[in-house]
Amino acid sequence: MHIDLPEKRYYAIGEVAKAFNVNTSLIRFWEKEFDVLKPKKNAKGNRKFTPEDIKNLKFIYHLVKERGFTLEGAKTHLKEDKKDTLSNFEIISKLEDVKNQLIKIKQHL
């Protein structure tokens with residue numbers, strides 16, 4: 001899955017939900033369910049997601065939505081096999097980015 005977010009320090013929950021094409025309530029739910037998601041909150045209580053949070057959200061999205069893990073299965077997978085799985089996921093993500101860039105270049109020719 002390719003997430004199209006501009007590079008910045010913090011992202012609002014609305015931006016994140018739109019990028020993942022999910023409801024903000026799902027993002028908030030995943031925040032409660034997964035310990036790796038720890039967005040910062042401002043004085044008003046608005047969530048501000050860092051690029052690290054986005055990376056973790058991509059991984060959770062991949063496990064739950066694309067690979068069909070249950071929430072418990074995804075939690076277990078994150079705790080036990082995180083290093084190997086995250087490494088593979090990062091490689092796949094980079095390859096997908098390269099593929100998307102090549103498609104854009106091809107369209108401009």
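Residues numbered from 1 in each chain as written. Predicted model: local features only at pLDDT ≥ 70, side-chain atom pairs only at ≥ 80, totals over all residues. Heavy atoms only, no water.

### Let's talk about the packing of aromatic side chains
- Taken as a whole and assessed by the stated rule, the structure comprises two aromatic pairs.
- Where Phe-20 meets Tyr-61, the ring centres are 5.7 Å apart and the plane angle is 50 degrees; that geometry is what we call tilted. Note that Phe-20 is positioned in helix α1 (residues 13-20) and Tyr-61 in helix α3 (residues 51-66), a separation of 41 residues in sequence.
- Exposure remark for Phe-20: the relative accessible area of 1% places this residue in the buried category.
- Look at Tyr-61 and you get buried, because its relative accessible area is 14%.
- On the basis of an interplanar angle of 75 degrees and a centroid distance of 6.5 Å, the ring pair of Trp-30 and Tyr-61 is categorised as edge-to-face. Of this pair, Trp-30 sits in helix α2 (residues 24-33) while Tyr-61 sits in helix α3; the two residues are 31 residues apart in sequence, bridging distant segments of the chain. (Phe/Tyr/Trp six-rings, centres within 6.5 Å; stacked < 30°, edge-to-face > 60°. Helix = DSSP H or I, 4+ residues; strand = E, 2+ residues; numbered from the N terminus. Buried < 20%, exposed > 50% of the residue type's maximum accessible area, 1.4 Å probe, protein only.)

### What to know about the pattern of salt bridges
- Overall, the coordinates contain four salt bridges when judged by the stated rule.
- A salt bridge links Lys-75 to Glu-33; its shortest N-O distance comes to 2.7 Å. Of the two residues, Lys-75 is situated in helix α4 (residues 71-80) and Glu-33 in helix α2; the sequence distance between them amounts to 42 residues.
- Each member of the salt-bridge network shares a partner with another, and the members are Glu-33, Glu-72 and Lys-75. (Salt bridge = Lys/Arg side-chain N within 4 Å of Asp/Glu carboxyl O.)

### Some points on the UniProt feature "domain: HTH merR-type" (unreviewed entry) in the protein
- The residues that UniProt annotates with the feature "domain: HTH merR-type" (unreviewed entry) are residues 10-80.
- Along residues 10-80 the backbone is 62% helical and 10% strand, and the end-to-end C-alpha distance reaches 29 Å. (UniProt positions renumbered as here; feature names shortened; annotations may be inferred.)

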